[in-house]
Amino acid sequence: MSSSDIFIGETIGTAILILLGGGVCAAVTLKASKARNAGWLAITFGWGFAVLTAVYTSAPLSGAHLNPAVTLALALKKDGIEWGDVPIYWGGQLLGAMIGAALVWIAYYGQFQAHLTDAEIVGDAKTRAKAKSVEAREKGAGPVLGIFSTGPEVRNAVLNIATEVIGTVVLVLAVLTQGLNDSGKGLGALGALITALVVVSIGLSLGGPTGYAINPARDLGPRIVHALLPLPNKGGSDWSYAWVPVVGPLIGAALAAGLYNVAFV
């Protein structure tokens, strides 16, 4: 794979991942959406199908890492990818995540406007600080931040990182043992389906505490877009938490790659 193939493939694939994954979060969250309040099952399966679509689309170009944690694990894996390709993968993933988040905003533009100007959601000028939205009550987070990025239900950095590490270890071990193509440097056709189902499983079983980022680009790129978009009454982007879904998955990826090299190779 050439550097341009890697960058283009990861950009397109991660954009699709975030468009569909963030899209289901918007569908469930926004007040004027037909899918409002569809619940956690809709979100977990929506993200699983997002992974499936994104991997099948981008695998021929880049191997469909779509996640800096997966890229790190494949660089640490014996006979894995070249370290010189890691920044190319990461750059495409971050750019793609930002593009995907912007596309979610465009697709749901009317719903964002209606939601964020509704007094029941954000309060009026006098009561905005007492908004009913759960996200709005979170320190530093606005009422639609959960569409773009993750946040903890119980804010404890050690526990939150531990949750992200554990979830990422499960994901990366599944990718390394079940999901790779013949070259061992990206996801294969069957691996795409396996990985998508693993993501659903992680969401259902381990997603409750932090929203299961398990992907630094998936969280950081859309959080940047949330900070930049001209959304009315959007509130903060919770930058005090933003390092957790970046550091946790990278630690988890390193641990999973080490375990794989010791136990499976």
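In what follows, the accompanying structure is described.

Cut-off values and rules
- Residues numbered from 1 in each chain as written.
- Predicted model: local features only at pLDDT ≥ 70, side-chain atom pairs only at ≥ 80, totals over all residues.
- Heavy atoms only, no water.
- Helix = DSSP H or I, 4+ residues; strand = E, 2+ residues; numbered from the N terminus.
- Buried < 20%, exposed > 50% of the residue type's maximum accessible area, 1.4 Å probe, protein only.
- Polar contact = N/O pair within 3.5 Å; in protein donor to acceptor, adjacent residues only side chain to side chain.
- Contact = heavy atoms within 4.5 Å.
- Core = buried A, V, L, I, M, F, W, Y, C linked by side-chain atoms within 4.5 Å.
- Axes fitted to C-alpha atoms, helices over the stretch in contact; angles between N-to-C directions.
- Parallel < 35°, antiparallel > 145°, perpendicular 65-115°, else oblique.
- Left-handed = near helix turned anticlockwise from the far one by under 90°.
- Nonpolar A, V, L, I, M, F, W, Y, C, P; charged D, E, K, R; others polar.

Among all residues except glycine, the phi angle is most often negative; among peptide bonds, the trans geometry is most common. One non-glycine residue, Asn37, lies in positive phi territory at about 65 degrees. Summarising the element assignment, Asn37 is placed in the loop between helix H1 (3-29) and helix H2 (40-62). Notably, Asp238 is not glycine yet its phi reads approximately 55 degrees, a positive angle. The topology assignment puts Asp238 in the loop between helix H11 (216-228) and helix H12 (244-263). With a relative accessible area of 4%, Asp238 lands in the buried category.

We now examine the side chain of Asn67. Tracing the sequence through the fold places Asn67 in the loop between H2 and helix H3 (68-76). Polar side-chain contacts of Asn67 include one of 2.8 Å to the backbone oxygen of Ile214. Beyond its immediate chain neighbours, meaning those up to four positions away, Asn67 contacts Glu10, Gln93, Leu171, Ile214, Asn215 and Pro216.

A separate point is the side chain of Asn215. Note on placement: Asn215 falls in the loop between helix H10 (189-206) and H11. A polar contact of 2.9 Å, which involves the side chain of Asn215, links it to the backbone oxygen of Leu66.

Counting 66 residues, the largest nonpolar core has Leu17, Trp47, Phe112, Val144, Ile147, Phe148 and Leu231 as its most contacted members. Leaving out residues up to four positions away in the same chain, Phe112 has contacts with Leu30, Val104, Trp105, Val144, Ile147, Phe148 and Leu231.

This brings us to the packing of H1 against H2. Packing of H1 against H2 leaves a shortest axis separation of 8 Å and a crossing angle of 165 degrees. Judged by the angle between their axes, H1 and H2 are roughly antiparallel. Read as a crossing pair, H1 and H2 show a hand that is right-handed. Looking at the contact of H1 with H2, its residues break down into 17 nonpolar, nine polar and two charged.

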